[in-house]
Every structure is written in structure tokens, then in C-alpha cells.
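Summary of the model geometry
Chain residues, written in single-letter form:
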There are 2 protein chains.
Amino acid sequence: NWAYSRERGLKWVVALLVGMATALVAYTIDMFIRGVAGAKFTLISRLIVDCDNCFWSPFLSYIAVNVLLVSVAAFAVAFIEPVAAGSGIPEIKCYLNGYKIPHVVRLSTLLCKAGGVMFSVAGGLAVGREGPMIHSGAVLAAGISQGKATSLPLDSGLFKTFRNDHMKRDFVASGAAAGVSAAFGSPIGGVLFSLEEGASHWNQALTWRTFFCTMISSFTLNLLLSGTSPGVKWGYLNQPGLVDFGEFVAQSYTVVEIPFFVIIGVVGGLSGAAFNAINTKLTLFRMRFIPVSKPWARFAEALFIAALSATVSFLFAFFIFECRPEPTTVYEGITLRRFTCPEGEYNDMATIFFTTQEEAIRQLFHNRDAFSYPTLAFFMFAYFGLAVVTYGASVPSGLFVPCILTGCAFGRLAGHALEHLFPSIVHDPGTYALVGAAAFLGGVVRMTISLTVIILESTNDISYGLPVMLTIMVSKIVGDLFNEGLYDIHIDIKHIPFLGWEPERLMENLTAADIMSTPVNVLPYFVRVRDVVVLLESNTHGAFPLCGIDENGLPSDQFVGIILRHEIITLLKRRAFVDYANAVRSHVDWLDFVDDYPRYPDIVDIRADIFDEDMDKFMNLSPYMNPAPITTQPVAAATAVFRLFRGLGLRHMVVVDRMRRIMGIVTRHDLVHLEDKFHRDGSPRDVPWHN
Amino acid sequence: NWAYSRERGLKWVVALLVGMATALVAYTIDMFIRGVAGAKFTLISRLIVDCDNCFWSPFLSYIAVNVLLVSVAAFAVAFIEPVAAGSGIPEIKCYLNGYKIPHVVRLSTLLCKAGGVMFSVAGGLAVGREGPMIHSGAVLAAGISQGKATSLPLDSGLFKTFRNDHMKRDFVASGAAAGVSAAFGSPIGGVLFSLEEGASHWNQALTWRTFFCTMISSFTLNLLLSGTSPGVKWGYLNQPGLVDFGEFVAQSYTVVEIPFFVIIGVVGGLSGAAFNAINTKLTLFRMRFIPVSKPWARFAEALFIAALSATVSFLFAFFIFECRPEPTTVYEGITLRRFTCPEGEYNDMATIFFTTQEEAIRQLFHNRDAFSYPTLAFFMFAYFGLAVVTYGASVPSGLFVPCILTGCAFGRLAGHALEHLFPSIVHDPGTYALVGAAAFLGGVVRMTISLTVIILESTNDISYGLPVMLTIMVSKIVGDLFNEGLYDIHIDIKHIPFLGWEPERLMENLTAADIMSTPVNVLPYFVRVRDVVVLLESNTHGAFPLCGIDENGLPSDQFVGIILRHEIITLLKRRAFVDYANAVRSHVDWLDFVDDYPRYPDIVDIRADIFDEDMDKFMNLSPYMNPAPITTQPVAAATAVFRLFRGLGLRHMVVVDRMRRIMGIVTRHDLVHLEDKFHRDGSPRDVPWHN
């Protein structure tokens, strides 16, 4: 029992470490961006004022600085770890769903992602840092929980019992949650995020530990920020995450405004669907013409986007703006940009473009009359365009902040318009900015409960619950009429066998026999080494059913158990051969099987160690097989099989008939992309899809 | 597809109705208690002042009023629906876990529970109304989702597709969540409550719908309260649930105070464990000497407790108090009681005892110097004692509020003491009151994530997240050293086969063969009516494995499928007999099977309709059986079987060998209370436990 308690305790230690490490990464990213972006904006502002409103020198400097910064991020992603591109949320979703994209939780990915996002954000791209924070938290959790970094190589020897897919996945879920918590100051939202995006079971112990991890992450970040933020005493914990929505004035809406929120939700859903449709086309274009295999093209594209973003923001700030008199009191922490305006006034477009995104969000929420309507409209369209172009380029790029900014600008515009039309009902356009942000973000990502809670925690005011929820609900319903959420689109495009929440409708008329793969590669449980090697070399299947042996010594069709590919390879590597001449029994225990986790050798890696004289020896697989896996029958409903896969996190299931004869095997691939294999009415297409 | 969309839409309609109905019930309860308790306290205060501080007349009046009020609640529970006693949370936990306690979601239970709790709270018992609100929400959801009240009888004919255990359970989960939301103004906490207490799967669609339901509940209650509360404009939504913790001053703690919070957590865990231990003894005493079968004794006990509670509070307020000068500004909405004090002063014990519990909580949180230390200490012990005695009596009685009150008083005392000892560190005893409440409540109920979130939402301030979470964590760890949470204790005492989160440690060394029940009652799929009737009359099993028939026409031991008891009875009732002479085929479709849901007739109810000449007819069960249920093998690990039950919500699983011969059956009963059957080392006890 001591071992058991120790393991339980260690899990909490890992959760603590993951939370703290994630916060530290978030803090580093924040400090870097604040410092660099602040210096950059100050420099450009000074250049403009100093040279008496000249155009070219600050314009070219601005482009140069931004392209230089982005080039670091683009280089890391294009040449070192392409999987560090984008937000990382689709990759983490797949990981938690049970499908591992190569390199997704490696140390080098973390470095490229967390390091890269500093530069891509500081370089003025329309990208956020929250998605990358979530991915970073996940990688940290994977590394810390395993007590080793396989790439380095560095092995602490600790946490050996955590070295399997199941345990590691649980920790990664906690790490992703810690990332959300650090990014938004949203510990509850983080837990719900990892549940919504990753869970199939509700595991109370894991959820509670995840909550601890998110709390620690939020708390550590608070503590670090309290030590370095101006005007905050060390140890006073009121810094709510990287993205801070600022304090809302509560109760600034009434029941009669709810129809307006619904309308905003509809618009958010429509524009989110448009965003996704445009980005889908762009992604397909990228996959065709600038694929991962052409790093130089990917690098050049990212630099081009950086130059484009800099150009747009600079031109807007220089040519489309209004000079507004500086207010006597400015919302806390906001920098007004004068640019070409006379003294005592500020350039409203520059004020929103030449600042960090978090500050821009706070301004849109709280700075009541700071921006003219044309400025808001132009800003909205510009940010929409830049964000849709940038997501998918070869840089780490979060999607939340650009969506919030676009949605905020839209919501504030709508709020002002409604205030004009219904002055007795609408009083606070800031509420509409919040609702607009929720609507557009919901329309793009289509998350539900976790998105609602993240927004609520960022506003720190539960009374916005109903409007935010309603808007997200409406925008999801409207958006779902046209396409999926952007993360799911990216997963689909890559043809990953991702199991959704519910089986496809098509599956309702099918049985296990319809969807299973057949014929199956079967091994007798007592088998010649040659046969094993030939089979392993002929395919890449992850598991093989084992059959019995009849009275004549021939393989029967009777199912006796299942064995994993890497288990067979470990047995080959450990030379667990039965040699009739010597009758040596080899000892292979479970530690041997986890030894190479998570990078098991494949047959090619060990082929040379199997000598010719070994090939006619035999292997007895039965001590190492799973003799009682979950099986199903040909007549079972395909939907029932799906639910078993989803509920139990299975990867394969053998189909046996009533006499336990092996009829086929169902894998994840057989359960998704059914439309490739069947017509809408359930009849099979003519394409050969069995392998 | 239309039917599918319609069903999906209807689920949301049900969620909307459940949320609104739950809020309406909460509102009614609140109005009643406020009105009656307010009138009662005013009356007694006036009696005291009018008769110039006499003792007996107000004392006896107070007892009489309280006993009268409580008698209504006690009568309803003792004589009408005994299942309406207590908080209802253990019953709802069991329901969501898949075990249905009779009458638990009946209309009459709702009336006794919601009606009764008004009187038990107004009658001055140390009970809260939140547990009963949760139970009420669950019953409302069960009733509304089925579109009928079987007791009345009233059948709207609506929602027929929702009439099965699975769907109904989902709605009940939403209803319970709506109850939490209404009680605490905690929509997120409500969702987490129903997940923590009830879920096995994480079902995204259900969770989102549940969140909608809790939001609507919270919103509707807000709306109703905004219309009737003084000083609030109709439609302004700032009334946060029934239990309102009041507004906290944020950031009133620093990092260095965390060790103090941990210590408070330890004390909370110890005192919570003591509370549970005492209440366990009392419950066993009650089961033995005043069982449900003696309603008069139960009724008398409740009246005695009412008199006791009234006596204690009155004597305390009369004899143990301090007269304190009335402050110039009083915390919003608080009534100071003068009692026997001179004009311009107030009696601090009376102020805390002669008020609603919610107001008392707010005073303990926010009213800095309102109470002397002895008053706090006496109040704490008195409330502890009264609460431990009351829970389990024959009245609806929530556990949260009494625990919060006790914990608050303790926390405030501790806070004041620490402030004396460490004046440079501790500044706000109100924070300690909150932490104390979390510690004691956590020590009693041992909930984790949902409790934390409920408390956070009640305080409306996320910055208390870490202290609250840490305290709850510590108090749970400490408490778990001694006993289980009080809800689980009550479930255990009733010997309900409740599946926990994890299999018992003992199970790790056992296989399916060790735990399965054997021999099994098996029916051939083609069977004589007489054999069916005899089998059904001989036991109460819920499901029967069906076997095949060999070449001689005799039952084989081959497993072919499983059929539920109530399905067989429906077939008998519908006379689905194969009469060789007439060869009539009967038509029984799925609507016939759901017709009697949820109160299926048993064999005795239909026995008279089976005539003697039917008994030698045959039934073909094969079209109605489930031909491909999940099965397991004798060698499968018992823990794996447990996880299948937990994950898939199973009630029975047939154990078959490799040849698919029926070896045994595993039910929920076989998976819990293993210590009744096995020694700690896994060897079976000698008691006969197979049935």
C-alpha cells in the first residue's frame, strides 16, 4: 500500500510542478512581449514625432522591426519543429482523443512554440499567445510527468510508473488546463476546457488534481506578476492571468436587451462561419503549394504576412483616423498615441493598433468614447482579414485574442448603434463589446461550456453569464449550419481519425460487420519467428489478434487474445524464442515492455539483431497477450461499437462470432470518415477500402 | 431527420422548463421563509420588549410557534413520504449512479420536500434549504421530462421518447444542477455538482444543456427576486441565489497566510469527521429504535428536536450574551436584536440566533466587531450540536447552511485569534470566516471541485480560489483518515449497491470468476410459458441470460443473448405465445415495452391473466433479446469489470468462457461491499453469499 500512496502523492507533486512551470513560461512570455512591444511602439511614436510627421522612415522601420521579430518565430517553426505552427489546440485535442501527432509533446516543440510565440506576437501579427500557452502547458506536463526529456537525452529515473499512454494523457490534460488558467486567469475554465476537448470519462480524482494544477498555475502567475507589476505589492494576488478583461461595471444590462444579444449571436455565427470557410480554402491552398516539406516557402510566407500586417496597421494609423481631444481621465494603464495629431489630441486608430492586444481589448471594453465609428469599422475588418490570413502560417499563433478583438470592435459598434436607436433600453456599449467578442469567438471555435466559463472568469462577473451563454449558444447553432469549428476543420483536413462526441448519423443503419476491416492479420499464439517478422514487415498495424491451434497443429480460427505490435517487437528484441534444442525460457517482465516508451523501435530497427538461425525458432505469445479484451459481434450496432471506443478510449476491437471465431477488426479509422466508405443510405461505395 | 431534430429541440425545451420551474419553487420557498420567520422574530422581540423583559411568556410562545411549524414538515415526512426526509442528496446520488430508491422522484415527494422544508427552516431547526432544493429540482426534471405525473394520474402524452431510464437520468442530473444553481446562485457549481455526484461519462451535449438549465434557473430566480425585493428595479439582475454570501473585499489575504488556511483545513477535517461519526451513531440508533415503520415515533422525535432547538437558542439569547452599543452604520439588510439590552445597545447572541440563517452568515462574514468571542464560541458549539442531532430526523433538512454557520463562527474566532497573535500578517477575519466555513463543510460532505466552485460563485470573487481550494483539500484528506463523507455514510448504512469512482483495493487480486454470482438462472430462447412463470416467481432478478437449444431440442449451455425481466413480463402481458395449434404470431413493438415505464408490472400483477391453457404454450424470446451485450470472461480482472460497469453504466454482465458457455453473471451487488464476501487477502469468507 505504500507504493500505492506514494504513486498517488507523486501525481500531486507532478501537478504542482506542472502548474508552477506553466506559470513561469507564461510569465516569461508576458515579460518579453511587454518589453519588446512596448519598446517598439515607443520607438515608432518617437520617430514620427521627432521627424515632424514624416512617413517613410517610421513606416520602413516599423516593417523592418516586425519582419525581423517574426523571422525568429518563422525560422523556428519552418525549419525546426513544423508541429509548433498554429495554436496547438487541434494537436492537443487529437492527443487527448487518443491520436498522437508526431513530435507534439517534445521538448523542442515547446521551445519553438513558447519561444516563437513571443516573437510572433511582439512582431505585430494578428495572433494571440493563449493557444500556444495551452500547448506549452501540455508539453511541460508530458515532460515533467515522465521525468525525462527523450530528446536531450536526460532521464531523471523518476516517475517510472507514469510512463504509459494512459497516465501521460491524464497529465497532458492537466497541463493544457494549466495553460488556459495562466492565459486567462481562469482556473475553472481550464478544467472545463480539458474536459470539453479531451475527456471521455469523468474521472473525479483527475479532475480535482487538474483543478489543483490550474489553481497553482493561476496563483504562481499572480505571485510573479505581483512582484514585478508597477503599483502592486508583492504577495497581493490580484493579477488575473495574461489576458485581463478589466473590471466590468456589473448589472449594466436588463432583460429586455436579450433579443439584441441573440441578434449579435446570429451575426457572430455567420461571420465566424465565413472566417472558417475562408481559412479552410487558405489551408488547402497552403497544403498544396507551400507544404511543410518546403520550409523556405513557409518561412517566406510568414515574413510576407508580417510585412503585410505592419503595412496595414501603419497605413491605417496614418491615413484613416480621427484626432480626438485627450480625455482628462484615462482608463487605467492605457497609452494614448498622438502620432500626427496636434498636441492635446490623440490618433484613435494608432491608439488601438499601436499597443498590446490586451490593452486594445480593455480599451474596447471600457473606454467609452475613445474611438470613432469609422475607426472601429476599419479596425474590425482589418483585424478579421489579418487574422484569417495568419492562422495556419508557419508561426505559433493563437486564435482567441484576434477573434476577441474583432468581435469586440463589432460589438462596440453594434452597441453604439443600438444605443442610438433605443436610448431608453441600451445603456452600456461595453456589454455589447463583450457579447460581440463572445459571439465571434464562439462562431469561430464553436466551443461551448468552457468558452463561456473562460469569458466569465476573465470578466470576473457571473452576472454576465446568461448573455454570454446565450450568444455563444446562438452563434454555435448558426455557425454549425455552415461548417465545423476551426479546430475541427484543421483536424479533418489532416484526415486524423478523431472520434467525435456522437457517432455519425450514417452509422445508425450499420452493424459491426459493415464497418469492420477484413481480412484480419492473425497470428497463432504459438508461432514461428519467420512468420512474425514477415507479418510485421508487411504492415504497420498496432495490434494483432491471436488465434488458437487445432488438434493438427494448424492455426484455428478461434480467437484467444490480442497482442500489441510493440509488445511483439519487445519480445523479438529480448529474444524470447523457444528453442526446442535448448528449451531456454526467456524472462521478459513488464518493465521491459515500458523501457522504450514512448518511442518504441519498429521492426526495421531490430531486424538486424534477428539472425537467420532464429527465424525457425518459435515464440509463445500467450503469456504476454491480453486474453480477455473487449470484443464485439458482427450483429452489434455500429453506434454501440462507437460508444465503446469513445467511452473506453479503445484503439481496436476484435469482432468475433458466437463461436468466438475471428471475423474482423474495428479500428478508429473504421469509425470516422464513414462518408468515404458508404453512401448516405448506408450502402458501401465501390472504392476498395479494406486493407 | 426531422424526428431527430425535434427530439433534440424538445430536450432544450425541457431544460428551459425545468430551470424555470426550479427557480419558481426556490422563490416560493424563499418568500415563505422570509415572511414567516420575519414575522416570528418580530413577534418574539416585541413580546420581550412589551412585557418588560419577562422570560416565560416569550419563551413558551417561541417554543409553541416553532413546534407548530415543524409539525407540518414532520407530518408530511413521517406519514406521507418518508423518502422526503433529510437533504435528498444521498438519494439523488444513488439515482444518478443508477440505483433507484423507491418514490425518490415522485410528485408527492416533491410536495413533502419543498413544502416541508419551508416549515422546517421557518420552524427554527438547524437545517438549510439547499439540499431539498436540489432534490426538488431533480423531481421537477423527472416529472417535466416525462410529460406526466403517474401518481395523479396525469399524462400529457408529450415527450414519449424520453420515457426510459437513460434519458430520465440525464434530465434528473440537469434538474439537480438547477437546484444547486437556484440555491447558491451558482450555475457553474451546479453543473459540476451533477458531474461530480452523478456522471460517469462526460457527455458534452448533456453538460451544455445542463449549463443552460442552471443559467435559466439562476436567471429566473434573479428576475423574480428583482421584482419583489426592496430597492431593486424590476429586470435588474443582481440577486445571486437564495444563499448570498455578500460582497467580499477582494485581495484581503497574502501568501504568508496560506499556512494558517492549512491549519484551519486540518481542524475542519477533524471536526467534520467528528460530526460524521456522531451522526452515524445517531442514524444507527434511529434505524433501530425509531424506524420509518413507526411514523408516530418519528413525528414525536422531530417535535422534540424543534422544542430543543427553540430552547437552546432562546436560553442562549437570554442568558449568554453581551450588550453591545449599536454601530452607526449597519451592514446592509441586517437586523440588530435588542432583547433585554438597554436602549441604543443590542444583544449579540439574539442578533445571530433570531434572524434567518442567510443573514447570520452574512453577519459572520462581514460584520467585523459585531460579536463577542464567547458569543461566537457558544454559538458554534450550539449549532454543531443542533445540526448533528437534526440531520436524519423526519424533516426535510439541508446540511450546507448549518455547516457553513458552524464553520463561519469557528473561522471568525480563529481569524480574530490570529489577528491578535500576528497583527502584521492577518488583517481580515472575514476571510477566515469564509475559509472556516469551507473547511468544516468540506470535512462533513467531502465534496471537492463542485464545493469549491459553489463557494467561489457565492462569494463572486475568484481570488479566494486558492485558499478555499486548499482548505477543502486539506480538510478532505484529514477527514478521510477517519470516515467517509456524510452522504456516502448514509448511502452505505442503507446498504445500497453504489458504485464508487474506483474499484476497492481488494478487487485488484480478483477475477471475474471470483466475484460473479453462480449458478445463473438461464432461460432457453425458445421456452415453455410455464418455465418462464416459475422462474419469474422464484426470484426478483432484473435480467436473464438466454441459452441456445441443442440438436436434441434441449437447452444448451451456449449464451445467445440477454433479456430484461420487464421485457419478459410485457411479452407475457401481451400474450406473445406461440401456439402450435394456431401458429398465431403476436406483434409486440418497442412502444409496448415502454408503455408502463417507469412502473412496470411484476409477475404477480399479471399472473391472473395467464390461463392454465397458456402454460404449455411456448414463447420465442429471440426477437426481443439483446443478442450482443457486453460480456466478459472468467479470467478478466475484476477491476476491469468494475470499470466497464462504471464507464458504461451497466447493471449486469454475463460471464462466458471461450466457447461462449454461460459461466456466471456479475451484478452491481457483486461489485460493492466486497468486504462482506472476502477477507482482506482476497480469499472468500465462509458465509454463503451466492444466491
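Each remark here, short or long, concerns the structure printed above.
Report follows, based on the coordinates.

Cut-off values and rules
- Counting of residues starts from 1 at the beginning of each chain's written sequence and follows it residue by residue.
- Chain A is the first chain written and ligand 1 is the first ligand written, with later ones labelled in order.
- Only residues with pLDDT of 70 or above have their local features reported here, since the model is predicted, and side-chain atom pairs are shown and tallied only from 80 upward, although totals for entire chains, interfaces and linings are computed over all residues.
- Hydrogen atoms and water are omitted, and side-chain values are computed over all heavy atoms in the structure.
- For two strands to count as paired, DSSP must find a minimum of two bridges between them.
- Counting from the N terminus, the helices are DSSP H or I runs at least four residues long and the strands are E runs at least two residues long.
- By definition, residues are in contact when any of their heavy atoms lie within 4.5 Å.
- Lines fitted to C-alpha atoms define the axes here, with helix axes fitted over just the stretch in contact, and angles between the N-to-C directions of these axes take values from 0 to 180 degrees.
- What counts as a ring pair is set by centres within 6.5 Å for rings of Phe, Tyr and Trp (its six-membered ring), and what kind of pair is set by the plane angle: stacked under 30 degrees, edge-to-face over 60, tilted for all other angles.
- Two limits define a charge over a ring: the Lys NZ or Arg CZ must be within 6 Å of the ring centre, and within 35 degrees of the ring normal.
- Copy-to-copy superposition: least squares on the C-alpha atoms, limited to residues that have pLDDT of at least 70 in both copies.
- We call a pair of cysteine sulfur atoms a disulfide when they lie within 2.5 Å.
- Classification of residues uses two cut-offs on accessible area relative to the type maximum, computed with a 1.4 Å probe and protein chains only: under 20% is buried, over 50% is exposed, and between them is partly exposed.
- Buried area: the accessible surface (1.4 Å probe) lost by two parts on joining, summed over both.
- In what follows, salt bridge is the name for a side-chain nitrogen of Lys or Arg lying within 4 Å of a carboxyl oxygen of Asp or Glu.
- Any pair of N or O atoms that falls within 3.5 Å is considered a polar contact. Within protein, one atom must be able to donate a hydrogen and the other to accept it, and sequence-neighbouring residues count only if both atoms are side-chain atoms.
- For our purposes a nonpolar core is just a set of buried Ala, Val, Leu, Ile, Met, Phe, Trp, Tyr and Cys residues, chained together by side-chain atoms within 4.5 Å.
- To count toward a patch, a residue needs a relative accessible area above 30% and no salt bridge. Like charges then connect within 9 Å, nonpolar side chains (Val, Leu, Ile, Met, Phe, Trp, Tyr) within 5 Å.
- Only the protein chains shown count as cover for residues, and all accessible areas are computed by the Shrake-Rupley method using a 1.4 Å probe.
- Crossovers are marked right-handed if the path from the first strand over the helix to the second runs clockwise, as seen with the strands pointing away from the viewer.
- The hand of a helix crossing depends on one turn: near helix anticlockwise from the far one by less than a right angle means left-handed, and clockwise means right-handed.
- Residue classes follow a fixed rule: Ala, Val, Leu, Ile, Met, Phe, Trp, Tyr, Cys and Pro count as nonpolar, while Asp, Glu, Lys and Arg count as charged, and any other residue, Gly among them, counts as polar.
- When describing relative orientation, an angle under 35 degrees is termed roughly parallel and one over 145 degrees roughly antiparallel, while 65 to 115 degrees is termed roughly perpendicular and anything else oblique.

Remarks on the sheet that holds strand 8 (residues 555-564) of chain A
All names here are of chain A. The sheet built from 3 strands is open, its strands ordered 5-7-8 with mixed pairing. Each having just a single partner strand, strand 5 (523-524) and strand 8 make up the two edges of the open sheet. Pairing of strand 7 (residues 543-549) with strand 8 involves 6 bridges; the strand directions are antiparallel. Note on strand 8: the bridge partner recorded for Cys547 is Phe559. The sheet contacts of helix 21 (residues 565-573) involve strand 5, strand 7 and strand 8, and relative to strand 8 the element is tilted by about 90°.

Describing the packing of aromatic side chains
All names here are of chain A. Tallying each qualifying case throughout the model produces 70 aromatic pairs over all chains. Put simply, the rings of Phe41, Phe55, Trp56, Phe59, Tyr62, Phe314, Phe318, Phe319, Phe339 and Phe354 pair up and form one aromatic cluster. Above the ring of Trp501, the side-chain terminus of Arg646 is found at 4.5 Å from the ring centroid.

Description of the relation of the copies chain B and chain A
Relating one copy of the chain to the other takes a rotation about an axis and a shift parallel to that axis. Overlaying chain B with chain A gives an RMSD of 0.1 Å, the required rotation being 180° about an axis along which the chain moves by 0.1 Å. The transformation just described matches what one would write down for a two-fold rotation axis. A high fraction, 100%, of the interface residues of chain B reappear at the interface in chain A, so the copies pair face to face through one surface.

As for the state of the cysteines
Enumeration over the complete set of coordinates arrives at 4 disulfides over all chains. A sulfur-sulfur separation of 2.1 Å characterises the disulfide bridge that pairs Cys323 of chain A with Cys341 of chain A. Its torsion about the S-S bond being -95°, the disulfide of Cys323 of chain A and Cys341 of chain A is classed as left-handed. Separated by 18 residues along the polypeptide, Cys323 of chain A in strand 3 (residues 323-325) and Cys341 of chain A in the loop between strand 3 and strand 4 (345-347) bring together distant segments of the chain. Residue classification places Cys341 of chain A among the buried positions, given a relative accessible area of 1%. Note on cysteine connectivity: Cys51 of chain B is disulfide-linked to Cys54 of chain B, with sulfurs 1.7 Å apart. Residues Cys51 of chain B and Cys54 of chain B share a disulfide whose torsion about the S-S bond is about -85°; that sign makes it left-handed. For Cys51 of chain B, a relative accessible area of 29% puts it in the partly exposed group. The class for Cys54 of chain B is partly exposed, based on a relative accessible area of 23%.

Here we look at the interface of chain B and chain A
Each partner contributes to the interface: chain B provides 63 residues, whereas chain A provides 63 residues. In total, chain B and chain A occlude about 6300 Å² of area from one another, counting both sides; carbon and sulfur atoms represent 72% of this. Sorting the residues of chain B by area buried against chain A places Trp202, Trp208 and Arg658 of chain B first, and these three jointly supply 13% of that buried surface. Taken together, chain B and chain A are joined by 0 salt bridges. Where chain B packs against chain A, one counts 4 residue pairs in polar contact (both at pLDDT 80 or more). Put simply, the parts of the chain that give the side of chain B that touches chain A at least two residues each are helix 1 (2-50), helix 7 (187-198), helix 8 (204-228), helix 16 (449-459), helix 17 (465-480), strand 8 (555-564) and helix 24 (638-648) of chain B.

Observations regarding the nonpolar core
Ranked by internal contacts, the top residues of the largest apolar core, which has 325 residues, are Phe354 of chain A together with Phe354 of chain B. Excluding its chain neighbours within four sequence positions, the residues that come into contact with Phe354 of chain B are Phe41, Ile44, Tyr62, Ser313, Phe314, Ala317, Arg337 and Phe339 of chain B.

Some details on a nonpolar patch on the surface
All names here are of chain B. Nonpolar side chains collect at one region of the surface, where Ile263, Val266, Val267, Leu270, Leu481 and Phe482 lie side by side and expose about 550 Å² of accessible area between them. If you trace the backbone, Ile263 turns up in helix 9 (residues 258-289). Look at Ile263 and you get exposed, because its relative accessible area is 51%.

Structural notes on the pairing of strand 11 (residues 652-656) of chain B
Residues and elements named next belong to chain B. Strand 11 sits mainly inside the fold: 4 of its 5 residues count as buried. Two elements, strand 10 (residues 631-632) and strand 11, share 2 bridges in a ladder whose sense is parallel. Residue pairing for strand 11: Thr632 is matched across the bridge by Val655. Following the backbone out of strand 10, through helix 24 and into the adjacent parallel strand 11, one traces a crossover that is right-handed. In this sheet, strand 12 (residues 662-667) lies alongside strand 11 in antiparallel orientation, the contact comprising 5 bridges. In the strand pairing of strand 12, Val654 is matched with Ile665. Where strand 11 folds back onto strand 12 in an antiparallel hairpin, the turn is made up of 5 residues, including Arg660, whose phi is positive at roughly 60°.

What to know about the packing of helix 6 (residues 165-184) of chain B against helix 8 of chain B
The description of two helices packed together rests on the angle between their axes and the distance between the axes. Residues and elements named next belong to chain B. Two elements in contact, helix 6 and helix 8, have axes whose closest approach is 8 Å; the angle formed by their N-to-C orientations is 35°. Read as a crossing pair, helix 6 and helix 8 show a hand that is right-handed. Contact with helix 6, carried on its side by Asp170, Ala173, Ser174, Ala177, Ala178, Ser181 and Ala182, involves Leu206, Thr210, Cys213, Thr214, Ser217, Ser218 and Leu221 of helix 8 and no other residues of that element. Looking at side-chain class alone, the contact of helix 6 with helix 8 contains 7 nonpolar, 6 polar and 1 charged residues.

Quick notes on the pattern of salt bridges
Inspection of every chain in the model, using the stated rule, returns 40 salt bridges over all chains. Two residues, Lys476 of chain A and Asp480 of chain A, come together in a salt bridge whose shortest N-O distance is 3.2 Å. Residue Lys476 of chain A and its partner Asp480 of chain A are both found in helix 17 (residues 465-480); the two are separated by 4 residues, about one turn of the helix. Residue classification places Lys476 of chain A among the partly exposed residues on the basis of a relative accessible area of 21%. The residue Arg651 of chain B makes a salt bridge to Asp165 of chain B at a minimum N-O spacing of 3.5 Å. Here Arg651 of chain B, found in the loop between helix 24 and strand 11, pairs with Asp165 of chain B, found in helix 6; they are 486 residues apart in sequence, far enough to count as distant. Among the ionic contacts, a cluster of salt bridges with common partners joins Asp30, Arg34, Arg129 and Glu358 of chain A.

Quick notes on the packing of helix 4 (residues 107-122) of chain B against helix 5 (residues 130-146) of chain B
All names here are of chain B. Relative to each other, helix 4 and helix 5 sit at 155°, their axes nearing to 9 Å. Taken together, helix 4 and helix 5 sit at an angle that is classed as roughly antiparallel. Between helix 4 and helix 5 lies a crossing of left-handed hand. Of helix 5, the residues touching helix 4 (which contributes Leu107, Thr109, Leu110, Lys113, Ala114 and Val117) are Pro132, His135, Ser136, Val139 and Leu140.

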